[in-house]
Amino acid sequence: GRLAITFQSFGFKYGASRDADLMFDVRFLPNPHYEPQLRPFTGEDPRVVEYINRNGALDAFYDHLHPMLDYLLPQYLAEGKSHLVVAVGCTGGRHRSVAIAEHLAARYADDGSYLVDVAHRDENEGG
């Protein structure tokens, strides 16, 4: 069978993800919340993604994250795991974590090897 993966975004200020098998804290990346013109948008907006990636910070993170997930996901499948939750957390769960969860979901859905879902737990909290 194929491994089902849920890429979940969340905000640490609302509590850590309780369902996570793997959890990544991305609060080290530039925070669009502090830019008034970006605050109303979410990580699904290209302007927010561009801001997070200023100076290549997001690309540099992906340079490390992709190889790790490319290694780990088949290992979980080989061990018999049928569903994996990969949680990505930032402060509010609206910008950085959403952008990354969307990116990862698209990347691994395109591969065709996995059944992929994305869930944004706190995307609509605040803003």
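Criteria and thresholds
Residues numbered from 1 in each chain as written. Predicted model: local features only at pLDDT ≥ 70, side-chain atom pairs only at ≥ 80, totals over all residues. Heavy atoms only, no water. Phe/Tyr/Trp six-rings, centres within 6.5 Å; stacked < 30°, edge-to-face > 60°. Helix = DSSP H or I, 4+ residues; strand = E, 2+ residues; numbered from the N terminus. Buried < 20%, exposed > 50% of the residue type's maximum accessible area, 1.4 Å probe, protein only. Lys NZ or Arg CZ within 6 Å of the ring centre and 35° of its normal.

Peer 1: Explain the packing of aromatic side chains residue by residue, including any values.
Peer 2: The tally for this structure, following the rule as stated, stands at 5 aromatic pairs. With 5.4 Å between their ring centres and 70° between their planes, Phe-28 and Phe-61 make a pair best called edge-to-face. Residue Phe-28 is found in the loop between β2 (22-25) and α1 (46-52), and its partner Phe-61 is found in helix α2 (residues 57-78); the two are separated by 33 residues along the sequence. Centre to centre, the rings of Phe-61 and Tyr-62 are 6.2 Å apart; their planes meet at 35°, and the pair counts as tilted. What makes Phe-61 buried here is its relative accessible area of 13%. Judged by its relative accessible area of 8%, Tyr-62 falls in the buried class. Through successive ring pairs, a cluster of aromatic residues spans Phe-7, Tyr-108 and Tyr-114. Over the ring of Phe-12 we find Arg-27, and its NZ or CZ is 3.8 Å from the ring centre.

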